[in-house]
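# Residue-level structural notes
Single-letter residue listing:
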Amino acid sequence: MLATVMYGPGDVRFENVDDPMIIKPSDAIIKLSATCICGSDLWPYRGLQASRGPAHMGHEYCGVVVEVGSEVRTVRPGQFVVGSFCLSDNTCPHCAYGFHSSCVQREFMTGAQAPYARVPLADGTLVATAEVPGKDLIPHLLATSDVLGTGWYAADAAGVREGSTVVVVGDGAVGLMGVLSAKQMGAERIIAMSRHKDRQALAKDFGATDIIAERGAEGVARIKDLTRGVGADSVLECVGTQEAMSQAIDCCRPGGSIGYVGVPHGVTFDGYAMFSAQRRMLGGPAPVRRFLPDLMNRVLSGKIEPGKVFDLSLPIEKVAEGYKAMDERRAIKTLLTV
Ligand SMILES: [Zn+2]
């Protein structure tokens, strides 16, 4: 089959690779209904993260099961499924606590920017729907696999609840999903920090009540103005740079919580400053599997439309163009049709 391979920074090709096969008895093979490019795929694309030779790209996926290994019990061929970018057994103690992204058998999904993909640990990773959903729902269901699941985790980790005041740092796809998630969790005030008109509009559509374009100390001052000088109850850090992390910590009130899901690149913490600041922090790769059944139900019942975050749709053979558009910030997130 033809699939997406990254050879190095800026070099993404759609080329012939081996068809995925059942390797372990716990594997499943799915036929992708659609796939997409993640903001985290841009780190190696921009040369900001070392990559070791040609890599099969893609970790966000949904589709129909075509084959399962001999040990797979919970999904069967013909079923529509969504899975997380973190593969998990859903049985170990960490999974039982809801931290599937720290599963003792954890692996990371790869090779999903393709027409077919192998999903290891299928029983613990995949969630099936009762029926094969209509085409119009595919982008929304695909979004639950990572971008929404990650935004949701940021809000969950930041302790968002009914009546909360929330700040979202980062107006990329995950930040926008963080806005949607905070709204679903009943936040009263959701302040999105964004400098881009189109992203500000989408943030408002997803439930942002205020937009702040300023950054750094000026941005923090604006947040303080909006919160009687107190700071926010919950802050979602959805970027992964030192500037974004410092801003997130400074926007939060003492006793408040920061959920951080931007993959840290060069972020460091000052122990004494953290001691004095008195903020709770929880981050890491999102345990999307914990949230998947709930998020898929919200999509299937029409409560949420997270697929609106895809503002560019390309046939998968144009995947290289999709990377370029996101790299140049002409697109927030690229959907690839297969
Ligand atoms: Zn586990």
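Residues numbered from 1 in each chain as written. Predicted model: local features only at pLDDT ≥ 70, side-chain atom pairs only at ≥ 80, totals over all residues.

## Things to note about the overall build of the protein chain
Check the secondary structure of the protein chain and you find 12 helices and 18 strands. Since a compact globule built from 338 residues should have a radius of gyration of about 20 Å, the 19 Å found for the protein chain is in line with a globular shape. On the principal axes, the C-alpha backbone points of the protein chain span a range of 60 × 40 × 40 Å. When each of the 338 residues of the protein chain is scored for burial, the buried share is 51%. Taking the intrachain contacts of the protein chain between residues at least 6 apart in sequence as the baseline, contacts between residues at least 24 apart amount to 69%. (Helix = DSSP H or I, 4+ residues; strand = E, 2+ residues; numbered from the N terminus. Rg over C-alpha atoms; globule rule 2.2 N^0.38 Å. Buried ≥ 20, exposed ≤ 12 C-beta atoms within 10 Å, placed from the backbone. Contact = placed C-beta atoms within 7 Å.)

## With respect to the packing of helix H6 (residues 173-184) against helix H7 (residues 197-206)
Taken N-terminus to C-terminus, the directions of H6 and H7 make an angle of 20°; their axes are 8 Å apart at the nearest point. In this view, H6 runs roughly parallel relative to H7, as classed from their interaxial angle. Where H6 crosses over H7, the handedness of that crossing is right-handed. Residues Leu-176, Val-179, Leu-180 and Lys-183 of H6 touch H7, and the partners they reach there are Arg-199, Leu-202, Ala-203 and Phe-206. When its residues are assigned to classes, the contact of H6 with H7 shows six nonpolar, no polar and two charged. (Axes fitted to C-alpha atoms, helices over the stretch in contact; angles between N-to-C directions. Parallel < 35°, antiparallel > 145°, perpendicular 65-115°, else oblique. Left-handed = near helix turned anticlockwise from the far one by under 90°. Nonpolar A, V, L, I, M, F, W, Y, C, P; charged D, E, K, R; others polar.)

## Focus: the domain arrangement of the protein chain
Here the protein chain is described as being made up of domain 1 (2-146 + 287-337) and domain 2 (151-283). The C-alpha centroid of domain 2 is placed 26 Å from the C-alpha centroid of domain 1. The interface of domain 1 with domain 2 comprises 13 residues on the first partner and 14 residues on the second. Here the residues of the side of domain 1 that touches domain 2 sort into nine nonpolar, two polar and two charged. (Domains from an automatic or database assignment.)

## Observations regarding the pairing of strand E16 (residues 280-283)
Both strand E15 (residues 252-260) and E16 contribute to a ladder of four bridges, which runs parallel. From the neighbouring strand, Gly-259 faces E16, where its bridge partner is Leu-282. For the crossover that starts at E15, traverses helix H10 (residues 271-277) and ends in the parallel E16, the hand is right-handed. (Pairing = 2+ DSSP bridges. Right-handed = clockwise from strand over helix to strand, strands pointing away.)

## Points about the packing of helix H5 (residues 147-157) against helix H11 (residues 288-300)
One way to put it is that H5 packs onto H11 with a least axis distance of 9 Å and a crossing angle of 105°. Relative to H11, H5 is oriented roughly perpendicular. Along its contact with H5, which presents Leu-148, Gly-149, Thr-150, Trp-152 and Tyr-153, the element H11 presents Val-288, Phe-291, Leu-292 and Leu-295.

## Regarding unusual backbone geometry
Even without a glycine there, the phi angle at Gln-278 is positive, about 55°. When you line up the elements, Gln-278 lands in the loop between H10 and E16. Of note in the backbone geometry, Arg-329 takes a positive phi value of approximately 60° without being a glycine. With respect to the helices, strands and loops of the structure, Arg-329 is situated in the loop between helix H12 (319-327) and strand E18 (334-337).

## Some points on the environment of Gly-231
Along the chain, Gly-231 turns up in the loop between helix H8 (216-226) and strand E14 (232-237). Placed 19 residues apart in sequence, Gly-231 and Asp-250 show a C-alpha to C-alpha distance of 8.0 Å. Setting aside residues up to four positions removed in sequence, Gly-231 forms contacts with Ile-223, Lys-224, Cys-251, Cys-252, Arg-253 and Gly-256.

## Quick notes on the sheet that holds strand E12 (residues 189-193)
Here six strands make up an open sheet; going across it, the order is E13-E12-E11-E14-E15-E16 and the pairing parallel. What marks the edges here is a single partner per strand, and that holds for strand E13 (210-212) and E16. Mean inter-strand twist for the sheet, computed between neighbouring axes without regard to direction, equals 20°. Here strand E11 (residues 165-169) pairs with E14 via four bridges, running parallel. Counterpart to Val-168 in the pairing with E14 is Leu-236. The strands touched by H8 within the sheet are E11, E12, E13 and E14, with E13 carrying the most contacts at an inclination of about 155°.

## A closer look at the environment of Val-169
You can see Val-169 is positioned in strand E11. The spacing of Val-169 and Ala-248 is 79 residues in sequence and 6.5 Å in space, taken between C-alpha atoms. Ignoring anything within four residues of it in the chain, the contact list for Val-169 reads Met-193, Val-235, Leu-236, Glu-237, Cys-238, Val-239, Ala-244, Gln-247 and Ala-248.

## A look at the sheet that holds strand E4 (residues 55-56)
One open sheet accounts for three strands, arranged E2-E1-E4; its pairing is antiparallel. In the strand order of this sheet, the two ends are held by strand E2 (11-16) and E4, each with one partner. Bridging between strand E1 (residues 2-8) and E2 involves six bridges; their strand directions are antiparallel. For Gly-8, the partnering residue across the bridge sits in E2 and is Asp-11. H12 rests against E1 and E2 of the sheet, and its axis sits at about 160° to E2.

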